[in-house]
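Examination of the molecular architecture
Letter by letter, the chains look like this.
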Amino acid sequence: MASIGIVGAGLFGIYHFKKDSSDGRAFIWKVTTEIMADAPVFGVDFDRFKANYMNYQADYFEKNGETPEALVADNTYYAFNEWLQYAVENGLTGGVFLALFLYALFKVNVDKKEQFMVAISFSGLLAISGFALFSYPMQILPIKMIIVILLGFLSVLDRRKYKILNIQNKPHIPVFFKATVFILGTIGIVKGVEYANSLDRGFETWQNALNKYRYGDYDGALEDYAKAYPVFRKEGDFLMNYGKALSIAEQYGKAVGILEEAKQHLNTTIIETALGDAYKGLKQYDKAETAYYHAVTILSIVFTSKTL
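Residues numbered from 1 in each chain as written. Predicted model: local features only at pLDDT ≥ 70, side-chain atom pairs only at ≥ 80, totals over all residues. Heavy atoms only, no water.

Tallying secondary structure elements over the protein gives 13 helices and 0 strands in all. Counting every position in the protein, which comprises 308 residues, the buried fraction comes to 33%. Partitioning the intrachain contacts of the protein with sequence separation of at least 6 by distance along the chain shows that 64% fall at a separation of at least 24. Summed over all atoms, the accessible surface of the protein reaches about 19,400 Å², with 64% contributed by carbon and sulfur. (Helix = DSSP H or I, 4+ residues; strand = E, 2+ residues; numbered from the N terminus. Buried < 20%, exposed > 50% of the residue type's maximum accessible area, 1.4 Å probe, protein only. Contact = heavy atoms within 4.5 Å. Areas by Shrake-Rupley, 256 points an atom, 1.4 Å probe, with all protein chains shown as cover.)

Written out as structure tokens, the structure reads:
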């Protein structure tokens, strides 16, 4: 009972330490449950939360009007609860696979002398799981690497291992099999290195484009964005930056195309206002009005309060 009181007091203190942030998370969770209700079985698909959430937030304000929750609303990329975001993106189907994975994880069988390493691994995973209730650790690469390492420890320590190919019992492996493995492995390594190099060059080009954009060199920025486009054509943030630059450079037709692509992967007020500017430049005023209105409803009273 005492431990429950201590935990409760701690949570109460954390909530009031950053009340606005806590209220913002609570509002995100509230809207997120509405997404889950619309796609309960298969979810909205992997990594599609940020493409759907802002539309639901806009719908919430349209239905409920100027609620106090609008004061903590913002452009949102993550659910600030990895378990909830996983449920939204993967639905009950993903939940079944997750349950099977957790069952297998807790069935790890190790020698007594290895119990200390198991305790360390489970403690690390438990800490990250608790953190995941209020933030987005699975979106942070170093934390992902830690999770992989901890799971690797458990896999190595598990006494129940299954050998897919026992080479020791089959010393005479066919030459064709060896050659096939070698060729496929080589191709995989080469493709992996090529992809890593293309990502490296792409990020460098994207950063150059951002720098040129900040200094008003829109033509130079657009040239770099065009070079990086093949690498990041499914990256919402990149498409948002590219589309906004096109809109400012008055290349409205291209801007509309890129910004509409961006909305398939991400949606923010920046995308909607840039899209409104592009449609206005094309003199398609009805579409411009729709985009501007959507940008306003996404954050609702936030805009109104700033103009009072």
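A word on a nonpolar patch on the surface. Nonpolar side chains collect at one region of the surface, where Phe182, Ile183, Leu184 and Ile187 lie side by side and expose about 440 Å² of accessible area between them. Mapping Ile187 onto the fold places it in helix H7 (residues 175-214). With relative accessibility at 44%, the residue Ile187 sits in the partly exposed group. (Patch = residues over 30% accessible without salt bridge, like charges linked within 9 Å, V, L, I, M, F, W, Y side chains within 5 Å. Salt bridge = Lys/Arg side-chain N within 4 Å of Asp/Glu carboxyl O.)

This part takes up the nonpolar core. Membership of the largest hydrophobic core comes to 28 residues, with the highest contact counts inside it found for Tyr225, Phe238 and Tyr242. Per-element accounting of this core gives the leading share, 6 residues, to helix H9 (residues 236-248). Setting aside anything within four residues of it in sequence, one finds Phe238 in contact with Trp206, Tyr225, Ala228, Tyr229 and Phe232. Judged by nonpolar contacts, the second largest core, of 20 residues, contains Val44, Phe49, Met54 and Val88. (Core = buried A, V, L, I, M, F, W, Y, C linked by side-chain atoms within 4.5 Å.)

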